[in-house]
Amino acid sequence: MTLRQDIVGNAMQMAVVNLSPGQTVYCEAGKFLFKTTNVTMETRLSGPSNGGGQSQGGAGGMGGFLRQAMGTAMQVGQRALAGESLAFQYFTAQDGEGTVGFAGVLPGEMRALELDGTRAWFAEKDAFVAAESTVEFGIAFQGGRTGMSGGEGFILEKFTGYGTVIIAGAGNFIDLNPAEFGGRIEVDTGCVVAFEEGIQYGVERVGGLNRQGLMNMAFGGEGLSLATLEGNGRVILQSLTIESLANALKKAQGGDKQGPTGGLFSTHAG
């Protein structure tokens with residue numbers, strides 16, 4: 001059953017979801033705005049892949065209960081390592097259609113992605129807002145050199161299954177396909193919002209250890225790394241990074257941590 005939703009607003013968008021009788025949508029704790037009175041709300045630690053979308057009443061006896069408890073503990077542990085919310089909130093329409101509103105946590109856009117079961121989607125931390133109970137939420141850990149040097153790209157949210165998932169980001173969105181730009185694009189690591197499965201994501205050092213490379217690192221404002229996205233598929237980027245927003249707010253309060261040059265000379269500790 002397709003999730004009927006409208007994304008409204010401009011600088012700080014919100015998603016208004018219309019639920020059919022018995023239909024369930026879930027969100028990360030803290031993303032809920034409002035609901036009609038016939039929509040029930042329940043907070044659970046388990047995700048939809050672990051029976052989060054429906055009550056299973058201890059099916060399978062004690063063994064089933066233990067398996068479910070262990071699955072929930074693993075999910076919660078992954079989300080804790082990723083710095084995500086430990087719980088999900090589930091909303092189900094009772095006695096007719098219902099309406100629920102959701103929003104992200106930063107001024108910016110929202111986007112509804114449709115999953116058909118053939119391709120997963122990956123998103124930055126905290127991008128997830130809400131999804132149908134048929135969409136499974138998971139955590140993807142980028143290992144090796146990508147994880148060690150990528151910072152923001154080390155931990156990603158992963159969405160699989162069927163149905164609609166709603167994500168949010170900062171600033172404005174732009175959709176790109178690396179295949180239309182020679183097969184590869186390089187992006188500020190904080191600008192990546194989401195990308196389809198099949199896109200190869202990596203992180204590499206800005207420039208070489210030569211004069212220009214050192215100038216980029218020291219004065220370019222990008223730090224040491226850029227994200228690389230290769231392949232044929234959809235990529236969503238955002239125009240505002242969390243770090244640049246934080247630095248702008250600190251500067252407005254008289255506590256500029258970026259400094260006049262940026263790059264390695266930034267005193268930003270986050």
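Use the structure listed above.
Cut-offs applied
- Residues numbered from 1 in each chain as written.
- Predicted model: local features only at pLDDT ≥ 70, side-chain atom pairs only at ≥ 80, totals over all residues.
- Heavy atoms only, no water.
- Salt bridge = Lys/Arg side-chain N within 4 Å of Asp/Glu carboxyl O.
- Buried < 20%, exposed > 50% of the residue type's maximum accessible area, 1.4 Å probe, protein only.
- Pairing = 2+ DSSP bridges.
- Helix = DSSP H or I, 4+ residues; strand = E, 2+ residues; numbered from the N terminus.
- Axes fitted to C-alpha atoms, helices over the stretch in contact; angles between N-to-C directions.
- Polar contact = N/O pair within 3.5 Å; in protein donor to acceptor, adjacent residues only side chain to side chain.
- Contact = heavy atoms within 4.5 Å.
- Phe/Tyr/Trp six-rings, centres within 6.5 Å; stacked < 30°, edge-to-face > 60°.
- Lys NZ or Arg CZ within 6 Å of the ring centre and 35° of its normal.

## So, the pattern of salt bridges
So, point 1. Counting across every chain of the model gives 10 salt bridges.
So, point 2. Residue R111 is joined to E109 by a salt bridge in which the shortest nitrogen-to-oxygen separation is 3.9 Å. Residues R111 and E109 agree in their burial class; the two are buried.
So, point 3. If you follow the salt bridges from partner to partner, you end up with E109, R111, D175 and R234 in one network.

## Brief notes about the sheet that holds strand β14 (residues 184–187)
So, point 1. Sheet architecture is open: 3 strands sit in the order β14-β17-β16, paired in antiparallel fashion. Looking at which strands have only one partner, the edges of the open sheet turn out to be β14 and β16 (200–205). Pairs of neighbouring strands in the sheet enclose a mean axial angle of 25°, with direction left out of account.
So, point 2. Here 6 bridges tie β16 to strand β17 (residues 225–230), and the two strands are oriented antiparallel to one another.

## Considerations on the side chain of Q13
So, point 1. By secondary structure assignment, the location of Q13 is in the loop between β1 (4–8) and β2 (14–19).
So, point 2. Looking at Q13, its side chain comes within polar contact range of the main-chain nitrogen of M110, at 2.8 Å.
So, point 3. In this structure Q13 touches I7, V8, A103, G108, E109 and M110, once residues within four positions along its chain are discounted.

## As for the packing of aromatic side chains
Each aromatic ring pair is summarised here by two numbers: the centre-to-centre distance and the angle between the ring planes.
So, point 1. On inspection of all chains with the given rule, the structure shows 12 aromatic pairs.
So, point 2. Aromatic side chains F91 and F102 sit 5.6 Å apart centroid to centroid with 75° between the ring planes, which places their arrangement in the edge-to-face category. With F91 in strand β6 (residues 88–93) and F102 in strand β7 (residues 98–103), this residue pair connects regions lying 11 residues apart in the sequence.
So, point 3. Note on F102: relative accessible area 0%, which makes it buried.
So, point 4. Their ring planes at 35° and their centres at 5.6 Å tell us that F128 and F159 sit as a pair that is tilted. You can see F128 sitting in strand β10 (residues 128–132) and its partner F159 sitting in strand β12 (residues 155–168), a full 31 residues away along the chain.
So, point 5. Exposure remark for F128: the relative accessible area of 0% places this residue in the buried category.
So, point 6. Since its relative accessible area comes to 0%, F159 is described here as buried.
So, point 7. Grouped by ring-pair contacts, the aromatic residues Y26, F88, Y90, F128, F137 and F159 constitute a single cluster.
So, point 8. When the ring centre of Y90 is taken as reference, the NZ or CZ atom of R44 above it lies at 4.7 Å.

## With respect to unusual backbone geometry
So, point 1. Positive phi is not limited to glycine here, since D95 has a value of about 55°.
So, point 2. Within the element layout of this structure, D95 appears in the loop between β6 and β7.
So, point 3. The backbone of D126 shows a phi angle near 75°, a positive value even though the residue is not glycine.

## Let's talk about the environment of T37
So, point 1. One can find T37 in the loop between β4 (32–35) and β5 (39–44).
So, point 2. A C-alpha to C-alpha distance of 9.8 Å links T37 and V100, two positions 63 residues apart in sequence.

## Topic: the sheet that holds β7
So, point 1. The strand order β1-β2-β7-β4 describes an open sheet built from 4 strands, whose pairing is antiparallel. What marks the edges here is a single partner per strand, and that holds for β1 and β4. With strand direction ignored, the average angle separating the axes of adjacent strands in the sheet is 20°.
So, point 2. As paired elements, β2 and β7 share 6 bridges and run antiparallel to each other. Paired with M14 across the two strands is A103, which belongs to β7.

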